[in-house]
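# Per-entry structural report
In case you want the letters, here they are:
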Amino acid sequence: MDRARSWRTVLMRRVSILTIALIACGGSSFNGSRDEAFAGAVEANVEGEWEDAVVRTLVYLSTATEDDERYDRAQMILASGLEELGLRYGAALYYTDVAQSRRNVELIDEAVAGLERLARGGLVDGDLVLRSFVASEDLSGLRPELADFVYYQRGVDSLRRGELLWANQSFDAISEESDYGTRATLARAAHEINGGELEKGRELLEGLLGDEENELTLADEVRVEARLGLARIALDQERYLDAIRSYEVLQDIAPERPSLLLEMAWAHYYRGNYRRSLGLLVALDAPVYQGLIAPERYLLEAYNLRRLCQLEPARIAARRLRGRHRDALLDLQNGKPPVDSEWLRRAALQRVTVIENARLTRLTREEIERATEIAERAGDAGSSLATAYAWAGRRLERRLRNAVDREARTIASELVAADDGVRLILHELSVQLLRGRSRPSGPPPRDRIGDIPDGEVAYSFSGEFWTDELDDLEVIIEDRCLE
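Anyway, here's the lowdown on the structure attached to this text. (Residues numbered from 1 in each chain as written. Predicted model: local features only at pLDDT ≥ 70, side-chain atom pairs only at ≥ 80, totals over all residues. Heavy atoms only, no water.)

## Some remarks on the overall build of the chain
The number of helices and strands found in the chain is 22 helices and 0 strands. Here the chain, with 483 residues, has 47% of them falling under the buried criterion. Once local pairs closer than 6 in sequence are excluded, the contacts in the chain between residues at least 24 apart make up 68%. Carbon together with sulfur atoms contributes 49% to the accessible area of the chain, which is approximately 24200 Å² in total. (Helix = DSSP H or I, 4+ residues; strand = E, 2+ residues; numbered from the N terminus. Buried < 20%, exposed > 50% of the residue type's maximum accessible area, 1.4 Å probe, protein only. Contact = heavy atoms within 4.5 Å. Areas by Shrake-Rupley, 256 points an atom, 1.4 Å probe, with all protein chains shown as cover.)

Below, the structure is given as C-alpha cells:
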C-alpha cells in the first residue's frame, strides 16, 4: 500500500504540471465567457465538430479550476476530441488526469476505457502515460474488463522493475476469460526466458498455445511471440527439428520478418541440412530484405559450403562480409566510435527496436504539427497543449538517439566478431584444402540431391525475385568431401 501511495504522489506531481499550465494560461483569441466556452464545447462535441470542441474546451479550462463541477466533463470532451483528431498522446494525458484524480467517480470508467482503446491502437509514448496511471491502487467502480487492463499494465510495469511478487499479484487478479490473461502469461514467459529459466518459459508458452484450436483464439501478436519464443528455446536447447517446425509455422503467420529466415537457416545448419540452409540464405539476398543487417549471414553461408567441401565458394562467401560492410569495418579499424560512424548509425535504423522508436517519433512529430495548429487557433489557451507535446517530442527524440547509439554499438560488436570469424574460416579452408577435402567435424549432410523431373527447366536469377516462391528452396550443390 505504501508503494502504491508513493507512486500516486509522483504521478499527481506529473499531472499537476499539465494542470498548472492550463490554469496559468491567460486570455484567448476566442471570444466569449467561460460558460459560453463550455456550452459551445458540449454542442460541438455532440455535433462531431472535434476541432471546434477542442478549441472551446481549451478556452474553458484556461480559467477554470478543479473545484468547478464541470472541470472533469470538460477534460473528457477535450480527450475524446483529441482522440478523434488522431492526437493520441494528448488524449491519453487528459484521460489519465480524469482517471487518477477521481474527482468525478462517474467518469473514471469512461476515462479508463479511453486509455484502453488508445493502448490497443499503439499509444504514442504509452510507457510514460500508462506507467503513471497503473500506480493508482483503487480500481473500484471499473468494469471487469477495464480492471483486467489495469492489472495487466501494473504487472508489466512491476516486471520491468524486477518486482516479481507485485507482478504476480497483478497478473493473478486478471480474470481467466480475459485476453489480458494470455498477454500476462506471455510476459511471465519472457521474464523466465530472459532470466535463463528456459524450461519454465517453455512450459508457459506451450500451455499458452495449447492445441491448434486454442491457438487460433489468441491475438495475432501473442501467437507470433509465443511461437517465436518456443522456436528460440528449442534452438538454444539443440532441439533443431522442433525449432524448424516452429519457424515454419512462423513463416506463415509472420512473413514480414526476414530475421526468421536466418534463424531457421541456423537450425537447418546444425541439423546437417546444409543445402536447405543455403536456400534460406539465397532468399535473404532478395532486394526486399536488404534492410536486414546481419553480419553472421555471410559466415553461415561459408560454414554450409565448407561442410560440403565447396572450398572456393566458401572463401568467396566469407569475403562477402568485408565487401558488404567495408565502410563500417574501416571506421572501426580507424578507431572511430560506433556512434560516430555514419554507416553504423544508418544500419542501426534498420533494427527492429530502433524502427519502433523511429515510428513513435515520426508519429509524435505529426501529432505535434497538428496540435500546434489547433493550439494557435485557441490562442493563449492552447499553450498548454503545445507545451505538453513539445515535452513529449523532446523525450522521444532523446530516446530515439539513445536507441540508435545502443544498436550502433551492438552492430559494431557483431561486425568485429564476424570479421574475426572470417579470418578463422579462411585459415580453416586453407588447412582443409591441404588435407585433401576431408569432411570437417559436424553432422554429415542429411539432405541429398534429388533427381530433377523430366521436362523441368532451370533459370538463373537476374535482378529481383519473389522470396515467397522460395520458402522451400534448396541449393543443388555437389558434396565434394572425400570420406
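Okay, back to it.
## Structural notes on unusual backbone geometry
Even without being a glycine, E238 presents a positive backbone phi close to 65°. Looking at where E238 falls in the secondary structure, it is placed in the loop between α13 (220–236) and α14 (240–253). According to the relative accessible area criterion, E238 is exposed, its value standing at 58%. Of note in the backbone geometry, C309 takes a positive phi value of approximately 60° without being a glycine. As for its position among the elements, C309 is in the loop between α17 (296–307) and α18 (311–324).

## Digging into the side chain of H268
Inspection of the secondary structure puts H268 in helix α15 (residues 258–271). Owing to a relative accessible area of 5%, H268 belongs among the buried residues under this scheme. Those residues in contact with H268 that sit more than four places away from it in its chain are I244, N273, Y274, R276, S277 and L280.

## Comments concerning the state of the cysteines
Within this structure, the stated rule accounts for 1 disulfide. Between the sulfur of C309 and that of C481 lies a disulfide, 1.9 Å long from S to S. The chirality of the disulfide connecting C309 with C481 is right-handed, given an S-S dihedral of about 95°. Placement of the pair is C309 in the loop between α17 and α18 and C481 in the segment after α22 (383–434), with a sequence separation of 172 residues. On the basis of relative accessible area, C481 is assigned to the buried category, the value being 9%. (Disulfide = S-S within 2.5 Å.)

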